[in-house]
Amino acid sequence: MDNDTTYLCTADETSITIRGKDLVSELVGHLTYTEMVFFLLRGRVPTPAETRVLDACLVVLMEHGLTLNTLTARFVASAVPDQMQVAMGASLMTIGDTFMGTMEGCARILQTGVREGGDARAYCAGVVAKFRGEKKAVPGFGHRFHKPDDPRSPRLFAIAEEAGAAGPHIAMLRILAEEVDRAAGRHLTINATGAIGALFSDIGFGPEVMRGLAVVSRSGGLVAHIAEERQSGSARLIEKLAKQAVQYRDPPAG
């Protein structure tokens with residue numbers, strides 16, 4: 001693509017054109033928000049199966065309660081109450097390797113394995129051995145709260161299968177899960193971000209856009225958290241509890 005060209009959008013006095021389609025007559029009222037996200041990224045309208053999978057993933061990523069991510073939004077909203085976008089931006093800046101970043105790492109593993117072909121089990125065993133040798137968790141596995149299994153993952157797999165969109169990346173993830181369990185000597189759940197990495201891969205998204213899709217989803221949930229914070233003032237309560245729980249002490253001598 002030339003650096004002096006965009007294929008996304010243009011506008012004149014009477015019309016707005018997005019990827020070759022007129023916004024008013026061809027997109028508004030014709031595409032859902034989920035379909036529009038896909039259309040902008042991929043340049044074509046998604047199939048019903050692709051829409052269902054992407055929509056399910058965006059719903060799963062949108063909300064997960066009072067986490068460091070959403071508490072950040074609440075604290076900033078309490079400090080800057082009349083600027084919702086500031087609180088949203090502060091929270092979205094916390095999305096990284098700890099929050100939702102493992103979908104990218106898992107997707108890279110799966111897409112490399114599918115692309116290279118060959119013995120999938122041998123490939124997955126090698127991946128697991130590499131991560132264990134580096135004393136690192138395999139991206140997409142384990143959860144500090146959901147045990148023995150993350151309830152979101154099997155539902156996502158079921159939706160992909162019902163839609164006819166379950167493909168080689170989900171299959172590869174299941175083999176990888178068996179090798180993870182075998183090497184660990186115990187069961188480790190496929191977490192939601194691991195499952196989403198596989199589903200996104202099976203509908204054709206590269207790892208480089210997956211964190212952006214997570215941001216798209218989480219933004220909707222943050223609006224709700226900030227709106228609730230304006231009514232409840234929970235950040236002030238959390239501040240009070242923190243002062244009670246975290247006690248000051250003079251530093252040790254020397």
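Reading the values: rules and limits
Residues numbered from 1 in each chain as written. Predicted model: local features only at pLDDT ≥ 70, side-chain atom pairs only at ≥ 80, totals over all residues. Heavy atoms only, no water. Helix = DSSP H or I, 4+ residues; strand = E, 2+ residues; numbered from the N terminus. Buried < 20%, exposed > 50% of the residue type's maximum accessible area, 1.4 Å probe, protein only. Contact = heavy atoms within 4.5 Å. Areas by Shrake-Rupley, 256 points an atom, 1.4 Å probe, with all protein chains shown as cover. Lys, Arg positive; Asp, Glu negative; His and termini not counted. Charge placed at Lys NZ, Arg CZ, Asp CG, Glu CD. Salt bridge = Lys/Arg side-chain N within 4 Å of Asp/Glu carboxyl O. Axes fitted to C-alpha atoms, helices over the stretch in contact; angles between N-to-C directions. Parallel < 35°, antiparallel > 145°, perpendicular 65-115°, else oblique. Left-handed = near helix turned anticlockwise from the far one by under 90°. Nonpolar A, V, L, I, M, F, W, Y, C, P; charged D, E, K, R; others polar. Core = buried A, V, L, I, M, F, W, Y, C linked by side-chain atoms within 4.5 Å. Expected span 1.5 Å × (residues − 1). Pairing = 2+ DSSP bridges. Phe/Tyr/Trp six-rings, centres within 6.5 Å; stacked < 30°, edge-to-face > 60°. Lys NZ or Arg CZ within 6 Å of the ring centre and 35° of its normal.

K.L.:
Could you give an account of the overall build of the protein chain, naming the residues involved and the relevant values?
P.N.:
Counting its regular elements, the protein chain contains twelve helices and three strands. With the C-alpha coordinates aligned to their principal axes, the bounding extent of the protein chain is approximately 65 × 60 × 35 Å. Counting over 254 residues, the protein chain shows a buried share of 40%. Taking the contacts inside the protein chain whose residues are at least 6 apart along the sequence as the reference set, 73% of them involve residues at least 24 apart. As displayed, the protein chain offers around 14,200 Å² of accessible surface, 58% of which is attributable to carbon and sulfur atoms. Each charge class in the protein chain can be summarised by its mean position, and for the 27 positive and 29 negative side chains these summaries are 9 Å apart.

K.L.:
If you had to explain the pattern of salt bridges to someone new, which residues and values would you point to?
P.N.:
Across all of its chains, the model carries 16 salt bridges by this definition. Close ionic contact of Glu134 with Lys136 constitutes a salt bridge, the shortest N to O distance being 3.8 Å. Take Glu134: its relative accessible area is 37%, and that puts it in the partly exposed class. When the shortest N-O distance is used, the salt bridge between Arg182 and Glu179 registers 2.9 Å. Placement of the pair is Arg182 and Glu179 together in helix α9 (residues 168–184), with a separation of three residues, close to one helical turn. By relative accessible area, which is 54% here, Arg182 ends up exposed.

K.L.:
Pulling in residues and values, what's your account of the side chain of Arg74?
P.N.:
By secondary structure assignment, the location of Arg74 is in helix α4 (residues 68–79). The residues touching Arg74, leaving out its near neighbours within four places in the chain, are Leu66, His225, Glu228, Glu229, Ser232, Ser234 and Ala235.

K.L.:
With reference to specific residues and values, describe helix α2 (residues 33–42).
P.N.:
For α2, the full list of buried residues reads Thr34, Glu35, Met36, Val37, Phe38 and Phe39. Two residues or fewer past α2, Gly43 is found with a positive phi of approximately 80 degrees.

K.L.:
Requested: an account of the packing of α4 against helix α11 (residues 207–232), with residues and values cited.
P.N.:
Helix packing for two helices is described by the angle between their axes and how far apart those axes are. Packing of α4 against α11 leaves a shortest axis separation of 9 Å and a crossing angle of 45 degrees. Taken together, the axes of α4 and α11 are oblique relative to one another. For α4 against α11, the interelement crossing comes out right-handed. When α4 is examined against α11, the residues Asn69, Thr70, Ala73, Arg74, Ala77 and Ser78 are found in contact with a partner set consisting of Arg218, Leu222, His225, Ile226, Glu228, Glu229 and Ser232. A breakdown of the residues in the contact of α4 with α11 according to their chemical character gives four nonpolar, five polar and four charged.

K.L.:
Just give me the short version of the nonpolar core, but keep the residues and values in it.
P.N.:
One finds Leu173, Leu176 and Phe200 to be the most contacted residues of the largest nonpolar core, which totals 44 residues. Of all elements in the fold, only α2, α3 (48–62), α6 (102–116), α7 (120–133), α8 (152–163), α9, α10 (192–202) and α11 reach the threshold of two or more residues within this core. Here the element with the most residues in this core is α3; it accounts for eight residues. Of all hydrophobic cores here, the second largest spans nine residues; its members include Ala77, Leu92, Ile95 and Ile226.

K.L.:
I'd like a description of α3, backed by residues and values.
P.N.:
Along its 15 residues, α3 runs 21 Å from first to last C-alpha, staying within 8% of the 21 Å computed at 1.5 Å per residue. By the burial criterion, the buried members of α3 are Ala49, Glu50, Thr51, Val53, Leu54, Ala56, Cys57, Leu58, Val60 and Leu61.

K.L.:
Tell me about the sheet that holds strand β1 (residues 9–11), and please be specific about residues and values.
P.N.:
The strand order β1-β2-β3 describes an open sheet built from three strands, whose pairing is antiparallel. The open sheet terminates on both sides in strands that have one partner only, identified here as β1 and β3 (21–22). With three bridges joining them, β1 and strand β2 (residues 16–18) adopt antiparallel strand pairing. Residue pairing for β2: Thr10 is matched across the bridge by Thr17.

K.L.:
Now, about the packing of aromatic side chains: what can you tell me, with residues and values included?
P.N.:
For the structure shown, the criterion picks out two aromatic pairs. Note on Phe38 and Phe205: the rings are 5.5 Å apart at their centroids and 75 degrees apart in plane angle, and the pair reads as edge-to-face. Taken together, the residues Phe38 in helix α2 and Phe205 in the loop between α10 and α11 connect sequence positions 167 residues apart. Phe205 matches Phe38 in its accessibility class, with the two residues each being buried. Centre to centre, the rings of Phe200 and Phe205 are 5.9 Å apart; their planes meet at 75 degrees, and the pair counts as edge-to-face. The pair formed by Phe200 and Phe205 is uniform in burial state, with each residue classed as buried. Taken together, the ring pairs connect Phe38, Phe200 and Phe205 into an aromatic cluster. When the ring centre of Phe205 is taken as reference, the NZ or CZ atom of Arg42 above it lies at 5.2 Å. Over the face of the ring belonging to Phe157 we find Arg174, whose NZ or CZ atom lies 4.9 Å from the ring centre.

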